[in-house]
Amino acid sequence: MRRIALIVAVLLANPARAAPDKALLDAAGAQVSQLTATLEQLVNIETGSGDAEGLAAAANYLGARFAALGANVERIKPLPGTVGDILVARMAGTGRGNLLLIGHMDTVYQRGALARAPFRLEGARAYGPGIADDKGGLAVILHALALLGPRDFKTLTIAINPDEETGSKGSGAIITELARGKDAVLSFEPTGIAETFLRGTSGTNTVIVTITGKSAHAGVSPEQGINALVEAAEVIRKTKDLDLGPGKQRFNWTVINQQRPARNIIPDSVVLSGDLRTASVTDIDAFRSEIAKRLALPTLAGAQVSVEVRVNRPPFTATSAGNLLIDRARAIYADLGAAIEVKDRWGGGTDAGYAALAGVPVIEALGLPGYGYHTGDAEYVSLDAVPRRLYLTAELIRQIGR
Ligand SMILES: [Zn+2]
């Protein structure tokens with residue numbers, strides 16, 4: 001008995017490295033050339049955000065690919081003002097877990113970028129506009145699905161949006177809805193050449209303060225006016241210390257607007273806009289109530305001050321369930337003898353933030369290791385990593401889905 005207890009203790013202290021599933025690893029390795037061909041096809045469809053023709057062509061291409069894998073494919077219209085459709089593919093299996101996989105079809109490159117930097121292979125690197133962000137992520141989804149069987153999940157939903165690079169204003173709420181009730185959301189943004197999981201991404205918000213005063217002749221009867229510009233200065237004075245410094249909540253006033261600026265009129269309307277970066281939805285609520293408290297009483301009698309905090313993209317912070325997902329993924333990598341870093345927070349925002357609003361575990365950065373996103377001719381992905389990235393996604397889906 002003692003000896004058994006000792007062995008158990010040792011096992012707990014040093015979780016044993018399991019042998020990788022050789023058949024799955026071989027199958028993943030056999031996908032490399034097909035995945036490279038998929039990357040070339042995806043890169044050759046230019047999909048800058050707002051490019052109606054390119055986004056429609058990409059949705060057609062992806063829809064056909066998912067249908068060929070046995071999925072039911074649907075197009076969902078994003079909110080008005082967004083170009084392109086959200087492609088939603090659904091597969092049903094005989095497992096127990098329900099998963100959502102997300103990626104985006106748009107890129108930061110406008111039409112013409114492809115002519116300047118066509119798809120090309122250089123050793124183990126594949127180059128092209130948007131090849132890492134996020135065409136590599138889409139290719140991982142397509143080719144990982146090819147490795148799975150019906151027993152590996154109960155339902156698998158894939159959502160590919162057309163507006164991630166412009167803040168997902170038309171698709172974010174739909175991603176949140178699709179994430180509701182899922183056992184896990186897997187997000188396929190690219191990772192760095194040093195592969196990394198993210199425990200958090202940043203939330204970006206706009207703070208708008210509208211100050212209303214009363215106009216009057218600046219030379220003849222200024223005392224009959226209420227100077228909205230002076231009140232705006234008071235607003236800035238009362239709120240500038242809401243910027244908490246590096247690595248914390250950042251808040252800075254960045255824009256001032258006047259409706260009818262004139263040197264000889266006491267201004268009656270000023271709008272201040274500021275940039276707010278937050279780490280959690282709770283932080284946004286706390287900021288809202290703090291700034292409302294500070295600006296509740298205007299300094300000038302008769303002035304009116306109203307505050308609005310607009311969430312552009314919600315932050316993502318891994319919950320304990322999300323961190324377990326990262327542990328699980330790292331263990332899968334360890335089985336392969338591969339290492340992966342974990343970063344606390346990344347300065348950018350991703351759709352993981354919208355998925356996380358559904359209160360379900362989310363894991364970010366399952367796309368391909370890449371470099372030079374948003375640069376044009378220098379963006380590439382590392383093809384060496386393809387077998388382990390496909391293995392990672394397929395095995396994660398299996399573990400959650402079975
Ligand atoms: Zn991206």
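Residues numbered from 1 in each chain as written. Predicted model: local features only at pLDDT ≥ 70, side-chain atom pairs only at ≥ 80, totals over all residues. Heavy atoms only, no water.

1. Some thoughts on the domain arrangement of the protein
Right, so step 1: Each assigned domain of the protein is listed here: domain 1 (17–201 + 315–401) and domain 2 (203–312).
Right, so step 2: Across the boundary between the two partners, domain 1 contributes eight residues, which contact eight residues of domain 2.
Right, so step 3: Together, P315, R345 and L357 form the three largest contributors to the area buried by domain 1 at its contact with domain 2, with a combined 61%.
Right, so step 4: Linking domain 1 with domain 2 are zero salt bridges. (Domains from an automatic or database assignment. Contact = heavy atoms within 4.5 Å. Buried area = accessible area lost by both parts, 1.4 Å probe. Salt bridge = Lys/Arg side-chain N within 4 Å of Asp/Glu carboxyl O.)

2. Concerning helix α9 (residues 281–294)
Right, so step 1: The first and last C-alpha atoms of α9 sit 20 Å apart over 14 residues, in line with the 20 Å expected at 1.5 Å per residue.
Right, so step 2: Those residues of α9 that fall on the buried side of the exposure criterion are I284, F287 and I291. Seen along its axis, α9 keeps its buried residues to an arc of 60 degrees; they face one direction. Relative to its buried face, α9 has exposed residues pointing more than 90 degrees away, namely T282 and K293.
Right, so step 3: Contact partners of the buried residues in α9: β10 (203–212), α8 (228–239), β11 (250–258), β12 (269–278) and β13 (304–313). (Helix = DSSP H or I, 4+ residues; strand = E, 2+ residues; numbered from the N terminus. Expected span 1.5 Å × (residues − 1). Buried < 20%, exposed > 50% of the residue type's maximum accessible area, 1.4 Å probe, protein only. Arc of directions from axis to C-beta.)

3. Looking at the environment of L300
Right, so step 1: Residue position: L300 is located in the loop between α9 and β13.
Right, so step 2: Its relative accessible area of 24% is what places L300 among the partly exposed residues.
Right, so step 3: The spatial distance from the C-alpha of L300 to the C-alpha of A68 is 67 Å, given a sequence separation of 232 residues.
Right, so step 4: Apart from residues lying up to four places away in sequence, L300 is in contact with I226, N227, V230 and E231.

4. A word on the packing of aromatic side chains
Right, so step 1: Scanning the entire structure with this criterion turns up four aromatic pairs.
Right, so step 2: When the ring centre of Y127 is taken as origin, the NZ or CZ atom of R120, which lies over that ring, is 4.0 Å away. (Phe/Tyr/Trp six-rings, centres within 6.5 Å; stacked < 30°, edge-to-face > 60°. Lys NZ or Arg CZ within 6 Å of the ring centre and 35° of its normal.)

5. So, the nonpolar core
One recurring pattern in soluble globular proteins: nonpolar side chains tend to sit buried together.
Right, so step 1: Counting residues in hydrophobic clusters, the biggest one holds 61 residues, and the most contacted among them are L39, L62, F66, L101 and L186.
Right, so step 2: It is helix α6 (residues 131–145) that provides the largest number of residues to this core, a total of nine residues.
Right, so step 3: Leaving out residues up to four positions away in the same chain, F66 has contacts with A71, V73, L87, A89, I141, L142, L145, I158 and I160.
Right, so step 4: Counting 19 residues, the second-largest nonpolar core is a separate cluster that includes V88, L178, A358 and V362. (Core = buried A, V, L, I, M, F, W, Y, C linked by side-chain atoms within 4.5 Å.)

6. Topic: the packing of helix α3 (residues 32–43) against α6
Right, so step 1: Two elements in contact, α3 and α6, have axes whose closest approach is 9 Å; the angle formed by their N-to-C orientations is 135 degrees. Here α3 lies oblique to α6, going by the angle between them. Along this stretch, α3 crosses α6, giving a crossing that reads as right-handed. Note on element contacts: α6 touches α3 through I131, K135, G136, L138, A139, V140, L142 and H143, opposite Q34, L35, T38, L39, L42 and V43.
Right, so step 2: Its residues assigned to classes, the contact of α3 with α6 comprises nine nonpolar, four polar and one charged. (Axes fitted to C-alpha atoms, helices over the stretch in contact; angles between N-to-C directions. Parallel < 35°, antiparallel > 145°, perpendicular 65-115°, else oblique. Left-handed = near helix turned anticlockwise from the far one by under 90°. Nonpolar A, V, L, I, M, F, W, Y, C, P; charged D, E, K, R; others polar.)

7. Re the sheet that holds β11
Right, so step 1: As summarised here, the arrangement of the four strands in space is β11-β12-β10-β13, forming an open sheet in which the pairing is antiparallel. One side of each edge strand has no neighbouring strand; the edge strands of this open sheet are β11 and β13. For this sheet, the mean inter-axis angle between neighbouring strands, taken without regard to orientation, is 20 degrees.
Right, so step 2: As paired strands, β10 and β12 are joined by 10 bridges and run antiparallel to one another. Counterpart to T210 in the pairing with β12 is V271.
Right, so step 3: Together, β10, β11, β12 and β13 form the strand contacts of α8, whose direction differs from that of β12 by roughly 20 degrees.
Right, so step 4: On the sheet, α9 packs against β10, β11, β12 and β13 and is oriented at approximately 170 degrees with respect to β13. (Pairing = 2+ DSSP bridges.)

8. Points about the packing of helix α4 (residues 52–68) against α6
Right, so step 1: Relative to each other, α4 and α6 sit at 20 degrees, their axes nearing to 10 Å. Looking at the two axes, α4 sits roughly parallel to α6. Classified by chirality, the crossing of α6 by α4 is left-handed. On α6, the residues touching L62, R65 and F66 of α4 are L138, I141, L142, H143 and L145.
Right, so step 2: Broken down by class, the residue content of the contact of α4 with α6 amounts to six nonpolar, one polar and one charged.

9. Points about unusual backbone geometry
If a residue is not glycine, its phi is most likely negative; likewise, a peptide bond is most likely trans.
Right, so step 1: At the junction of D133 and D134, the peptide bond is cis and its omega measures out at 10 degrees in the coordinates.
Right, so step 2: Along the chain, D134 falls in helix α6.
Right, so step 3: Positive phi, normally seen in glycine, also occurs at S168, with a value near 55 degrees.
Right, so step 4: Among the secondary structure elements, S168 is positioned in the loop between β6 (155–161) and α7 (172–179).
Right, so step 5: Even without glycine at this site, A365 takes up a positive phi of about 85 degrees.

10. As for the layout of surface pockets
Right, so step 1: Here the largest pocket is characterised by a volume of approximately 340 Å³.
Right, so step 2: In terms of lining residues, the largest pocket is bounded by 20 residues, among which E189, P190, L198, W346 and Y373 are the most central.
Right, so step 3: When the residues that make up the lining of the largest pocket are grouped by side-chain class, the tally is six nonpolar, eight polar and six charged. (1 Å grid on protein atoms, 1.4 Å probe; cavity = no way out; pocket = protein on both sides within 12 Å on 5 of 7 lines; lining within 4 Å. Points joined across faces, edges and corners; volume = space filled by probe spheres on them.)

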